[in-house]
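Spelled out from the first residue to the last, the chains are:
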Amino acid sequence: VDRALITFLSDFGYTDEFVGVCHGVIAVRCSQARVIDITHGILRHDIRAGALLLRAALAYMPAGVHLAVVDPGVGLERSRRAVALLTRKRGDLLVGPDNGLLWPAAELFGGVVEAVDIGGSHERLEPVSATFHGRDVFAPVAAALACGEPPAVVGQTVAIEELTRLTLARAHVQDRALRVRVLQIDGFGNLSLDASTEQLAQLGVLPGASLEVQPVGRVGAAARYESTFGEVAPGELLLHKDSRQMMALAVNQGEASARLQVGAGDELILRLR
Amino acid sequence: VDRALITFLSDFGYTDEFVGVCHGVIAVRCSQARVIDITHGILRHDIRAGALLLRAALAYMPAGVHLAVVDPGVGLERSRRAVALLTRKRGDLLVGPDNGLLWPAAELFGGVVEAVDIGGSHERLEPVSATFHGRDVFAPVAAALACGEPPAVVGQTVAIEELTRLTLARAHVQDRALRVRVLQIDGFGNLSLDASTEQLAQLGVLPGASLEVQPVGRVGAAARYESTFGEVAPGELLLHKDSRQMMALAVNQGEASARLQVGAGDELILRLR
Amino acid sequence: VDRALITFLSDFGYTDEFVGVCHGVIAVRCSQARVIDITHGILRHDIRAGALLLRAALAYMPAGVHLAVVDPGVGLERSRRAVALLTRKRGDLLVGPDNGLLWPAAELFGGVVEAVDIGGSHERLEPVSATFHGRDVFAPVAAALACGEPPAVVGQTVAIEELTRLTLARAHVQDRALRVRVLQIDGFGNLSLDASTEQLAQLGVLPGASLEVQPVGRVGAAARYESTFGEVAPGELLLHKDSRQMMALAVNQGEASARLQVGAGDELILRLR
């Protein structure tokens, strides 16, 4: 594994120096590491959106160390664990808080084969601040791993069963309908849903089907389940498997978020028409 | 030409993983390529603004491969062509949708000497998604070119006359006035116009002139045509050739967009006072 | 000093091509230079916020050349000086406008040992535009320094006493209270204040103390001075030394900016309860 590559995702945003500082720490600790920023625009503290985008991005990244920080639990009295996870398929390493953020990506890579708690790592930047573990814990540990240190050296072994799990596709069938949640709205107004094609098939919703999409407690709209925008008319609502391989709602030449007046976290009911 | 350099412009924004994913694809396909991000903050689907900023940026970039994706036509039934263009002056290669986005940059580089359709390139990432050709078509082809593959190998020859053209300076004279359009508003509230100094000269508007700037259908404001902010009083409206070598409106220590209450795409009428 | 590293901070934002163009200029002039972006999201023309974040970031950066551009004075008739500053501790070089932006960072590095005016440097990109000195003056000079040119070659010596100074901690005691200003609001709603622990100690405000935080002219709120979020209840207001080593106000699991209804530049009065 070419560990000198580090990918980096966070909810730090672009107005502060936080992302740049983590790059600086990595450059100091492992100057040969190359860093690819995935995004730092995750909605603050939205672990599920972070997990979705991390998994989606890592499917296209070279093997290496993957640093991800969406960490609402930092600075609280009973802090979440900080971890580094060695995964099965390619030996990729995931570094971040143990709050579920890393779990879908670990599944993508065939599961975790070794887990270490890095909260007390000797690689930490001292003194460790109360709130910026990206700089003081996660970035220096990621740098050490990128420069070849083994996981067992940067942290204490944790039993894999103790790790926090997270399932993205948690939609559930109810009264011949599928109740889904909006995981993420992309910049084009498309809605990523926490539903799988298998769950839709249970309802008889197969490609080509007409369905109703109803924001909970409001009037529904008609949609078609197709594979591309081109198969519905401009302005029409489309259910499709998106480029992240997730079910998504889109409007041909429009914005599904505006059409349905929904935001991240909102629930929708999908049923066959 | 040092093709191991790739510059990258898009309207993907910073909240999704799309930009990072393209970086990942490039790192997988041509690990030695260095990527310089121009911007990913182009207004969604605004081909003209993308073309303006791409041309402005490429004037200052090293020779290499230039990847640009502002692509409202992706996923539609009758898709626009995807192309790679070899340009005359330095051998720079432009990669992106054939919707006019690349044309002003190609002119900057002395015109196109070879064009290939890369929509069916063997370098594509299979399966090609319906909507994310940045990841599945444009990035892998840019990577292949950066690693030295010739255009004729990554695509099918297209006649240069068939390429989609785009003219940025399309202002026109009408009743002794110049009707211009706002191409782009920068973060400082300055307005880039689709007008050239030549077009202004036709109206007798030369450096030092006083003129009226009128948003269509509204009351106009007085402006002066000068070369720097320092030549007008604080708060005064200034017409000048901006750092992109385009005509622009600015307010000394203020925001022209707020003063004139105009946005990208709005029309203005300029006349000598 | 490994001068081939350049860090870069500005208020250019992410919607224009300005940041990318500076990267391009650096790649043309010193192709081996590696650039780490600190942030380009500084509030437009906010020199104090830029100075705060620059100093905070540089504490974690490798030694090198540090390019910073927050430059409200560009393009005005009586322009501010453009400078490069050699600093004491590690030989870091600071490049930017002489408007105070670089001063706190210079202090962090032990002060300035050599200063040069680069406004007329032979390294400039000709013709120099009226408004984009980041591209035409600062970036090419930073690149020349990164490639090993000495300061005396890229500019004209300036007496160190003539440089513009800036003090970040300018809070002052008044009627047994400390009048502070909000320097910066981070993406999590935390407020950075221009006060030091020493200034608080003068009022008897020590860790563990209860205090009142009053936006000028409005009703105050109770806060506690603790070291971490975990020591106050969810929703409670906390005064603490933040990860930048600055005094800051935060709300456990909330946003201090929303709670106190204050923005950058607003004043607050802190007093012991």
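Preceding block: the structure.
For the structure given in this document, a descriptive report is provided here.

Scoring rules and cut-offs
Residues numbered from 1 in each chain as written. Chains lettered and ligands numbered in written order. Predicted model: local features only at pLDDT ≥ 70, side-chain atom pairs only at ≥ 80, totals over all residues. Heavy atoms only, no water. Helix = DSSP H or I, 4+ residues; strand = E, 2+ residues; numbered from the N terminus. Rg over C-alpha atoms; globule rule 2.2 N^0.38 Å. Buried < 20%, exposed > 50% of the residue type's maximum accessible area, 1.4 Å probe, protein only. Contact = heavy atoms within 4.5 Å. Areas by Shrake-Rupley, 256 points an atom, 1.4 Å probe, with all protein chains shown as cover. Pairing = 2+ DSSP bridges. Axes fitted to C-alpha atoms, helices over the stretch in contact; angles between N-to-C directions. Buried area = accessible area lost by both parts, 1.4 Å probe. Salt bridge = Lys/Arg side-chain N within 4 Å of Asp/Glu carboxyl O. Polar contact = N/O pair within 3.5 Å; in protein donor to acceptor, adjacent residues only side chain to side chain. Nonpolar A, V, L, I, M, F, W, Y, C, P; charged D, E, K, R; others polar. 1 Å grid on protein atoms, 1.4 Å probe; cavity = no way out; pocket = protein on both sides within 12 Å on 5 of 7 lines; lining within 4 Å. Points joined across faces, edges and corners; volume = space filled by probe spheres on them. Least-squares fit on C-alpha atoms with pLDDT ≥ 70 in both. Disulfide = S-S within 2.5 Å. Parallel < 35°, antiparallel > 145°, perpendicular 65-115°, else oblique. Left-handed = near helix turned anticlockwise from the far one by under 90°. Phe/Tyr/Trp six-rings, centres within 6.5 Å; stacked < 30°, edge-to-face > 60°. Lys NZ or Arg CZ within 6 Å of the ring centre and 35° of its normal.

## Quick notes on the overall build of chain A
For step 1, the next point in the chain: Of the regular secondary structure elements, chain A holds seven helices and 15 strands.
For step 2, the next point in the chain: Against the globule reference of 19 Å for 273 residues, chain A gives a C-alpha radius of gyration of 20 Å, in line with a compact fold.
For step 3, the next point in the chain: Once the C-alpha set of chain A is aligned to its principal axes, its extents read approximately 60 × 40 × 35 Å.
For step 4, the next point in the chain: In chain A, which comprises 273 residues, the share counted as buried stands at 60%.
For step 5, the next point in the chain: Partitioning the intrachain contacts of chain A with sequence separation of at least 6 by distance along the chain shows that 67% fall at a separation of at least 24.
For step 6, the next point in the chain: Summed over its atoms, the accessible surface of chain A is roughly 10,000 Å², and 49% of this surface lies on carbon and sulfur atoms.

## Details of the sheet that holds strand β5 (residues 93-97) of chain A
In sheet architecture, strand pairing relies on hydrogen bonds along the backbone and comes in two forms, parallel and antiparallel.
Residues and elements named next belong to chain A.
For step 1, the next point in the chain: Strand order in the open sheet formed by seven strands is β2-β1-β3-β5-β4-β6-β7, and the pairing between neighbours is mixed. Here the strands that pair on one side only, and so sit at the sheet edges, are β2 (34-39) and β7 (156-157).
For step 2, the next point in the chain: Of the strand pairs in this sheet, strand β4 (residues 82-87) and β5 are connected by five bridges, and their pairing is antiparallel. Bridging from a neighbouring strand, Ala82 pairs with Pro97 of β5.
For step 3, the next point in the chain: Along the sheet face, helix α1 (residues 18-29) touches β1 (5-10), β2 and β3 (65-69) and points at about 160 degrees away from the line of β1.

## Quick notes on the interface of chain C and chain A
For step 1, the next point in the chain: Counting from both sides, the interface comprises 27 residues of chain C and, opposite them, 28 residues of chain A.
For step 2, the next point in the chain: Here chain C packs against chain A, burying approximately 2,200 Å² in sum over the two surfaces, 60% of which is carbon and sulfur.
For step 3, the next point in the chain: In terms of surface lost to chain A, no three residues of chain C exceed Tyr60, Phe188 and Ser243 of chain C, which account for 30% of the buried area on that side.
For step 4, the next point in the chain: Scanning the region where chain C abuts chain A turns up two salt bridges.
For step 5, the next point in the chain: Residue Arg244 of chain C is joined to Glu17 of chain A by a salt bridge in which the shortest nitrogen-to-oxygen separation is 2.7 Å.
For step 6, the next point in the chain: Taken together, the links from chain C to chain A amount to twelve residue pairs in polar contact (both at pLDDT 80 or more).
For step 7, the next point in the chain: Element by element, the count of residues in the side of chain C that touches chain A is highest for strand β2 (residues 34-39) of chain C, at five residues.
For step 8, the next point in the chain: Among the residues forming the side of chain C that touches chain A, the class breakdown is twelve nonpolar, eleven polar and four charged.

## Description of the layout of surface pockets
For step 1, the next point in the chain: Estimated volume of the largest pocket: approximately 1,200 Å³.
For step 2, the next point in the chain: Lining of the largest pocket is provided by 43 residues; of these, Val35 and Asp37 of chain A, Asp37 of chain B together with Val35 and Asp37 of chain C occupy positions nearest its centre.
For step 3, the next point in the chain: Counting only elements with at least two residues in the lining of the largest pocket, the list comes to α1 and β2 of chain A, α1 (18-29) and β2 (34-39) of chain B together with α1 (18-29) and β2 of chain C.

## Looking at the interface of chain B and chain A
For step 1, the next point in the chain: Between chain B and chain A, the residue contacts involve 28 residues of the former and 27 residues of the latter.
For step 2, the next point in the chain: Buried surface at the junction of chain B and chain A, summed over both partners, amounts to about 2,200 Å²; 60% is from carbon and sulfur atoms.
For step 3, the next point in the chain: Where chain B meets chain A, there are two salt bridges.
For step 4, the next point in the chain: Linking chain B to chain A there are twelve residue pairs in polar contact (both at pLDDT 80 or more).
For step 5, the next point in the chain: The element contributing the most residues to the side of chain B that touches chain A is α1 of chain B, with eight residues.
For step 6, the next point in the chain: Residue composition of the side of chain B that touches chain A, by class: 13 nonpolar, nine polar and six charged.

## With respect to the relation of the copies chain B and chain A
For step 1, the next point in the chain: Mapping chain B onto chain A leaves a residual RMSD of 0.0 Å; the transformation is a rotation of 120 degrees accompanied by 0.0 Å of translation along its axis. Within this description, the copies of the chain are treated as partners about a three-fold rotation axis. Every residue of chain B has its C-alpha some distance from the rotation axis, and the shortest such distance is that of Tyr14 of chain B, at 5.0 Å.
For step 2, the next point in the chain: The residues that chain B uses at the interface reappear at the interface of chain A in only 4% of cases, marking distinct surfaces.

## Quick word on the state of the cysteines
Residues and elements named next belong to chain A.
For step 1, the next point in the chain: Scanning the entire structure with this criterion turns up three disulfides over all chains.
For step 2, the next point in the chain: Between the sulfur atoms of Cys30 and its disulfide partner Cys147 the distance amounts to 2.2 Å. Sign of the S-S torsion, about 85 degrees for the bond between Cys30 and Cys147, identifies this disulfide as right-handed. Highlighted residues: Cys30 in the loop between α1 and β2 and Cys147 in the loop between α4 (133-146) and α5 (151-154), separated in sequence by 117 residues.
For step 3, the next point in the chain: Residue Cys30 is classed as buried on the basis of its relative accessible area of 1%.
For step 4, the next point in the chain: Distance from the sulfur of Cys22, which forms no disulfide, to the nearest cysteine sulfur (Cys30) is 15 Å.

## Section: the sheet that holds strand β1 (residues 5-10) of chain C
Residue and element names in this part refer to chain C.
For step 1, the next point in the chain: Read from one edge of the open sheet, seven strands run β2-β1-β3-β5-β4-β6-β7, paired in mixed fashion. Each edge of the open sheet carries a strand with a single partner, namely β2 and β7 (156-157).
For step 2, the next point in the chain: Along the sheet, helix α4 (residues 133-146) makes contact with β1, β3 (65-69), β4 (82-87) and β5 (93-97), crossing β3 at roughly 170 degrees.

## Here's the deal with the pairing of strand β13 (residues 237-241) of chain A
Residues and elements named next belong to chain A.
For step 1, the next point in the chain: Buried residues dominate β13, accounting for four of its five residues.
For step 2, the next point in the chain: When strand β12 (residues 221-225) meets β13, the two strands line up parallel, connected through two bridges. From the neighbouring strand, Arg224 faces β13, where its bridge partner is Leu238.
For step 3, the next point in the chain: Inspection of the sheet shows β13 paired to strand β14 (residues 247-251) by five bridges, in the antiparallel sense. Each residue of the ladder has a partner; that of Lys241, found in β14, is Met247.
For step 4, the next point in the chain: Once β13 ends, the chain turns through five residues before running back antiparallel as β14, passing Gln245 with a positive phi of about 65 degrees.

## Focus: the relation of the copies chain C and chain A
For step 1, the next point in the chain: Note on the copies: chain C fits chain A at an RMSD of 0.0 Å, the axial shift is 0.0 Å, and the rotation between them is 120 degrees.
For step 2, the next point in the chain: Looking at the interface residues of chain C, only 4% of them are also at the interface in chain A, so each copy uses its own face.

## Focus on the pattern of salt bridges
For step 1, the next point in the chain: By the definition in use, this model includes 42 salt bridges over all chains.
For step 2, the next point in the chain: The salt bridge partner of Arg244 of chain A is Asp16 of chain B, with a shortest N-O separation of 3.2 Å. On the criterion of chain membership, the pair formed by Arg244 of chain A in the loop between β13 and β14 and Asp16 of chain B in the loop between β1 (5-10) and α1 is interchain, its members lying in two chains.
For step 3, the next point in the chain: Relative accessible area serves as the criterion here: at 2%, Asp16 of chain B is assigned to the buried category.

## Notes on the packing of α1 of chain A against α4 of chain A
All names here are of chain A.
For step 1, the next point in the chain: At a minimum axis distance of 9 Å, the contact between α1 and α4 shows a crossing angle of 40 degrees. Comparing the axis directions of α1 and α4 gives the class oblique. In the crossing of α1 with α4, the sense of the turn from one axis to the other is right-handed. Here Val21, Cys22, Val25, Ile26 and Arg29 of α1 lie close against α4, whose contacting residues are Gly134, Arg135, Ala139, Pro140 and Ala143.
For step 2, the next point in the chain: Within the contact of α1 with α4, the residues separate by chemical class into seven nonpolar, one polar and two charged.

## What about the packing of aromatic side chains?
For step 1, the next point in the chain: This model, assessed by the stated rule, comprises 15 aromatic pairs over all chains.
For step 2, the next point in the chain: Ring centres of Phe12 of chain B and Phe18 of chain B lie 6.2 Å apart, and the angle between their planes is 80 degrees; this geometry places the pair in the edge-to-face category.
For step 3, the next point in the chain: The exposure class assigned to Phe18 of chain B is buried, which follows from its relative accessible area of 7%.
For step 4, the next point in the chain: Pairwise contacts between aromatic rings join Phe8, Phe12, Phe18 and Phe132 of chain A into one cluster.
For step 5, the next point in the chain: It is Arg44 of chain B that lies over the ring of Phe188 of chain A; its NZ or CZ is 4.7 Å from the centre.

Note that all results are geometric; they support no functional claim without further evidence.
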